Amino acid sequence: MADAKVIPFDDDRSRGSAVQRPQRRRGPGGRRKSSEHVPVRDVRQVRETRTTGDVQTLPGRVAAQDDGPVTPEPAEKAASSGNGLERRLAGGLSFLRRRLTGDYEVDDFGYDEELTDQVLMSLLRPVYERYFRVDVKGIENIPAEGGALIVANHSGTLPLDGLMMQVAVHDRHPADRHLRLLAADLVFVLPVVNELARKLGHTLACAEDAERLLAQGELVGVMPEGFKGIGKPFSERYKLQRFGRGGFVSTALRQGAPIIPCSVVGAEEIYPMIGNAKTLARLLGFPYFPLTPTFPWLGPLGAVPLPTKWTIQFGEPIPTDGYPPEAAEDPMLMFNLTDQVREQIQHTLYKLLVQRRSVFF
């Protein structure tokens, strides 16, 4: 694959006339034949109406002075749908050409916006809309421009909650914003997953990358619980784990970016983790090896997540631009802001759980 560059005979004169001209086509043997004939009296009527200026219509035609829109004929509908199909086909061929020739752009982190919009989001959208049926609240709390840090709880054994957050921001935000997620080291050592994560805009969960993205005016998503959140047992569902050392707060303070708490309900039940095969996890180099009611007992079928009903709520932003530059080095301030974000996410989780009528409906 080539290296990519870094950094979409309608004749209007016949309308309103009394008679529609018959279409002629060649028949066998080269003779011209007509599928219909106009009676002589109708031709005379047409001549008379042209002479006198009166408006006359025949059955099946719409008078020019009729009020209301004229309903398109089936041939016109087919032509318009055919044009739409041709445009989509041309767009798809143009996309494939750019892919094959390398004539597309990626940024310094490997993010491919065109591939994400046209392919990857199209693959995730059916899961988001039809399988998990995600309900999004508070999308207006995400600013229309400029950098912002979205901090969310983490759950579900597999990190599908981050992907659903990306689709929610991409599809629901009126400014068509993109969410750039900070991912764990493990994501970037797995084959295939590594490449897809880069194309989707994920980057390593480190302060340097997060600050660069915020400085460029990007939306950055972080889940401070990490593996402790997605690997916790089902008995501790919706109980937030420790938020690390507050590094995300320090990053937001340095860039003056608002912190937006985000609460995700529904992901905890997709893989109810009832056990952890720690020995097998160490052998495979994984932080945990989940045991669920279906996995690994049902084989590959057990890896299919349960179709729970999700809710994602974005809370009110916590501003950080009012603090002095040296505030990023104040451990007490970082602790207080971290605790404030954590409490707001936990409170919203409890509120959404009380409002939820069913796990699946």
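Below is a short write-up of the structure. (Residues numbered from 1 in each chain as written. Predicted model: local features only at pLDDT ≥ 70, side-chain atom pairs only at ≥ 80, totals over all residues. Heavy atoms only, no water.)

**Quick word on the sheet that holds strand 5 (residues 179–183)**
Point 1. Strands sit in the order 3-11-8-4-7-5-6 across an open sheet of 7 strands; the sheet is mixed. Looking at the sheet topology across the chains shown, the edges are occupied by strand 3 (135–137) and strand 6 (203–204).
Point 2. Sheet topology note: the strand 8 (residues 259–265)/strand 11 (residues 311–314) ladder contains 4 bridges and is antiparallel. Pairing of V264 across the sheet is with I312, part of strand 11.
Point 3. Here helix 8 (residues 247–255) sits on the sheet in contact with strand 4 (148–152), strand 7 (219–222) and strand 8, set at roughly 165° to strand 4.
Point 4. Seen against the sheet, helix 10 (residues 331–355) touches strand 3, strand 4, strand 8 and strand 11 and runs at an angle of roughly 30° to strand 8. (Pairing = 2+ DSSP bridges. Helix = DSSP H or I, 4+ residues; strand = E, 2+ residues; numbered from the N terminus. Contact = heavy atoms within 4.5 Å. Axes fitted to C-alpha atoms, helices over the stretch in contact; angles between N-to-C directions.)

**Side note on the pattern of salt bridges**
Point 1. All chains considered together, the criterion is met by 12 salt bridges.
Point 2. As a salt-bridge pair, E114 and R98 come within 2.4 Å of each other at their nearest N and O atoms. Of this pair, E114 sits in helix 3 (residues 113–131) while R98 sits in helix 2 (residues 74–101), placing them 16 residues apart in sequence. Here E114 matches R98 in class, with each residue buried.
Point 3. The partner of R356 in a salt bridge is E269, with the nearest N and O atoms 3.1 Å apart. Of this pair, R356 sits in the segment after helix 10 while E269 sits in the loop between strand 8 and strand 9 (275–276); the two residues are 87 residues apart in sequence, bridging distant segments of the chain.
Point 4. Judged by its relative accessible area of 24%, R356 falls in the partly exposed class. (Salt bridge = Lys/Arg side-chain N within 4 Å of Asp/Glu carboxyl O. Buried < 20%, exposed > 50% of the residue type's maximum accessible area, 1.4 Å probe, protein only.)

**Regarding unusual backbone geometry**
Point 1. That bond from F295 to P296 is cis: its omega, 5°, falls within 30 degrees of zero.
Point 2. One non-glycine residue with positive phi stands out, namely D176, at about 55°.
Point 3. Along the chain, D176 falls in the loop between helix 4 (160–172) and strand 5.
Point 4. In the Ramachandran plot, V192 falls in the positive-phi region, its phi being about 70° despite a non-glycine side chain.
Point 5. With respect to the helices, strands and loops of the structure, V192 is situated in the loop between strand 5 and helix 5 (193–200).
Point 6. Residue V192 is classed as exposed on the basis of its relative accessible area, which comes to 60%.

**Considerations on the nonpolar core**
Point 1. Within the largest apolar cluster, 34 residues are counted, with the highest numbers of intra-cluster contacts made by I142, I150, M165, C262, W310, I312 and F314.
Point 2. Looking at this core, the elements with two or more residues in it are helix 3, strand 4, helix 4, strand 5, strand 8 and strand 11.
Point 3. In terms of residues, this core owes the most to one element, helix 4, which gives 6 residues.
Point 4. Sequence-distant contacts of I142, defined by excluding residues within four places in its chain, comprise I150, V169, H173, L219, I260 and F314.
Point 5. Of all hydrophobic cores here, the second largest spans 29 residues; its members include V151, I318, L333 and V341. (Core = buried A, V, L, I, M, F, W, Y, C linked by side-chain atoms within 4.5 Å.)

**Description of the packing of helix 3 against helix 4**
Point 1. The contact between helix 3 and helix 4 brings their axes to 10 Å, and the two run at 110°. Viewed along their axes, helix 3 and helix 4 adopt a mutual orientation that is roughly perpendicular. Contacts from D117, M121, L124, R125, V127 and Y128 in helix 3 reach L163, M164, Q166, V167, A168, H170, D171 and R172 in helix 4.
Point 2. In the contact of helix 3 with helix 4, the residues fall into 8 nonpolar, 2 polar and 4 charged. (Parallel < 35°, antiparallel > 145°, perpendicular 65-115°, else oblique. Nonpolar A, V, L, I, M, F, W, Y, C, P; charged D, E, K, R; others polar.)

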